[in-house]
Every structure is written in structure tokens, then in C-alpha cells.
Amino acid sequence: MSFIAEILSYPFAVRALVVGILVCVCASVLGVNLVLKRFSMLGDGLSHVAFGSAAVALAVGAAPLQVAIPVVVAAAFLLLRISENGKVKGDAAIAMVSSSALAIGVIVATMTTGMNTDINNYMFGSILAMSKQDVYISATVAIMVLVMYLLFYNKIFVCTFDEKFATATGVKVKLYNSLIAVLTAVTVVIGMRMMGALLISSIITFPALSAMRVCKCYSRVIIMSMVVATISFVSGIMLSFGFDMPAGAAVVVVNLVVFLVFSAASRLKKQ
């Protein structure tokens, strides 16, 4: 308890916990849909676009989050359109767009401000780098993402499992696929500051995969995914403080351990 009290005595740690839990909850619920639709690499691709746009924003002296959000949302729409055309498959489109955005970001950063601390914070994440403004923006956007997801929960559920049935019943599948992509894009951007562009996709995929190992009902998977994401994040932050580890990397390692434990439990249950 004294260790927890010590962590909570630091304002930056409280800010990181508040934003981190909100972001992890958003990422975990969206991750379930992305994994089921076999589109889980969308988060990884958009994170590279987010880094590229943040690097360009820093180079021109603009606010990274305010620039990255519309750019990444536009990239999400672009990826959907490319995939729907059928000429380029979804995974190939993600690889193409993400690598291009990352390359542009690195080139711009190298030719202007250089690969400085700010750039590294966006690439690898840093809980120390979160300002009060970042917290307000991230918390507000995260709450909006959760509200939008809950409002259209039933439509998203149908589109995730059976797009043909959804279309036959009058559901606008393209609209709700776009909604999932936009919510994922926004979540990636607000989580990048803390987790880093290279690690943010892990909190989208790991909790969902872990939850699917022990739950079969969709609603239970959603709830379990949120629980796993929250516990893994808080545990990762504590490990980060206790052993002087990078916060983002610590969170990913905890998620990996949870996934392995859940996988083992699932196998034992079947025996």
C-alpha cells in the first residue's frame, strides 16, 4: 500500500493512470472487433501514421495531437477504401501506408529537429511527457469513443459477425466499419503519447486474445478484455516504477504474461 501511495503522490503518475486506463478500455473493446474481423493490424498501421504526423507537427511547431487525430482518421478511411476496392488486400494496404508514413516521419524529423527526446517519446512512449493539456484532450476523446461504441453496440456486433446478414437487414455495414476504423484511429493517437507508436497496437490485440481464451460469449469477451487491459496497464505502471523500466514495454510484457497464463488455463480446462 505504501508503494501505491508513493506512486499516486506524483501528479504525472496520476495523469498517466487516468488516461492509461481510459485508453486501455477503449483499445480493448475495439480490439475484440478488430481481431474477430481479422483486421487487428489496423492499429499497428495507424500507429505508424500517427508517429509520422506527430513528427511533422513537431517539425513545424504545431500541436502533435491536434494534427495527428485528423490525419490518422483520414488514413483509416483510406485503408478501408483501398481494401474495399479489392486490388490491394487489407494487410498489404496497411503495410504500404504504415511504412510510408513512418518513413516520412523519420525523414522530416531527421532533417529538422533531429531524433530528439520529443520524437523518441512519441515512438517509444513516456508517461513523464504527458502534460495537463494532453490529459484533458486524451480523457475527453477516450470518453467520447466509449460513448460512441456503447451507442452503436448492437450494430457493431452484427457487422462484426455477419456482414451479409447485417446488409440484408438494412444495416449500413460500410458506415459502421468506418466507425470502428475512426474510433480505433482516435484511440491509437491518444494512446501513442504514453505507449509509443511501436507498442500501442499491443493493447488492442493482447487483451482481446487473452479474453477469447477463457470466454466464448461476445459480451463476456468484451468485459474480460476490459478487465485484462486495465489490470495489465496498472501492473505495468507499477513494474515501471519499481524496477525503473519503460512504462510502455512493461505494460506489453504484463499483457504477454496474462495471455500465456490464459492460454495455459484454456488448455487445462479442455483436458
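Residues numbered from 1 in each chain as written. Predicted model: local features only at pLDDT ≥ 70, side-chain atom pairs only at ≥ 80, totals over all residues. Heavy atoms only, no water.

Visitor: Is there a simple way to explain the side chain of T187 in this structure?
Guide: Summarising the element assignment, T187 is placed in helix 10 (residues 173-195). Of the residues examined, T187 reaches a relative accessible area of 2% and is grouped as buried. When residues no more than four places from it in sequence are discounted, the contact partners of T187 are V23, C26, A27, L30 and V145. (Helix = DSSP H or I, 4+ residues; strand = E, 2+ residues; numbered from the N terminus. Buried < 20%, exposed > 50% of the residue type's maximum accessible area, 1.4 Å probe, protein only. Contact = heavy atoms within 4.5 Å.)

Visitor: How do you make sense of the side chain of S240 when you look at a structure like this?
Guide: Along the chain, the position of S240 falls in helix 12 (residues 218-243). In this structure the side chain of S240 is engaged in a polar contact, spanning 2.6 Å, whose partner is the backbone oxygen of M245. The residues touching S240, leaving out its near neighbours within four places in the chain, are M245, P246, A247 and A250. (Polar contact = N/O pair within 3.5 Å; in protein donor to acceptor, adjacent residues only side chain to side chain.)

Visitor: Just checking my understanding: could you explain the confidence of the model for the protein for this structure?
Guide: Averaged over the protein, the pLDDT score is 84; the fraction of residues at 70 or greater is 93%. The secondary-structure element of the protein with the lowest mean pLDDT is helix 6 (residues 117-124), recorded at 72, while helix 11 (residues 202-214) shows the highest, at 92. (pLDDT = per-residue confidence, 0-100.)

Visitor: What exactly am I supposed to notice about the packing of helix 2 (residues 11-36) against helix 11 here?
Guide: Two quantities define a packed helix pair, namely the angle between the axes and the distance from one axis to the other. Direction vectors running N to C along helix 2 and helix 11 enclose 65°, while the axes themselves pass 7 Å from each other. Considered as vectors, helix 2 and helix 11 are oriented roughly perpendicular to each other. Regarding helix 2 and helix 11, the two cross each other, and that crossing is right-handed. The residues of helix 11 that touch helix 2, namely those facing V23, C24, A27, S28, G31, V32, L34, V35 and L36, are I203, I204, P207, A208, L209 and M212. Its residues assigned to classes, the contact of helix 2 with helix 11 shows 13 nonpolar, 2 polar and no charged. (Axes fitted to C-alpha atoms, helices over the stretch in contact; angles between N-to-C directions. Parallel < 35°, antiparallel > 145°, perpendicular 65-115°, else oblique. Left-handed = near helix turned anticlockwise from the far one by under 90°. Nonpolar A, V, L, I, M, F, W, Y, C, P; charged D, E, K, R; others polar.)

Visitor: Got a minute to help me understand a nonpolar patch on the surface in this structure?
Guide: A contiguous nonpolar patch, built from F3, I4, L8, V14 and V18 and spanning about 360 Å² of accessible area, is present on the exposed surface. Of all the secondary structure elements, the ones that give two or more residues to the nonpolar patch are helix 1 (2-8) and helix 2. Ranked by the residues each element gives to the nonpolar patch, the list is headed by helix 1, at 3 residues. Along the chain, I4 turns up in helix 1. (Patch = residues over 30% accessible without salt bridge, like charges linked within 9 Å, V, L, I, M, F, W, Y side chains within 5 Å. Areas by Shrake-Rupley, 256 points an atom, 1.4 Å probe, with all protein chains shown as cover. Salt bridge = Lys/Arg side-chain N within 4 Å of Asp/Glu carboxyl O.)

Visitor: Is there a simple way to explain the state of the cysteines in this structure?
Guide: In a disulfide, the sulfur atoms of two cysteines are covalently bonded to one another. Counted by the stated rule, this structure contains 0 disulfides. Here C24 stays unpaired: no disulfide links it, and the sulfur of C26, its closest cysteine neighbor, is 9.3 Å away. This cysteine, C159, is not joined by any disulfide, and C217 carries the nearest cysteine sulfur, 18 Å off. Given a relative accessible area of 0%, C159 falls into the buried group. (Disulfide = S-S within 2.5 Å.)

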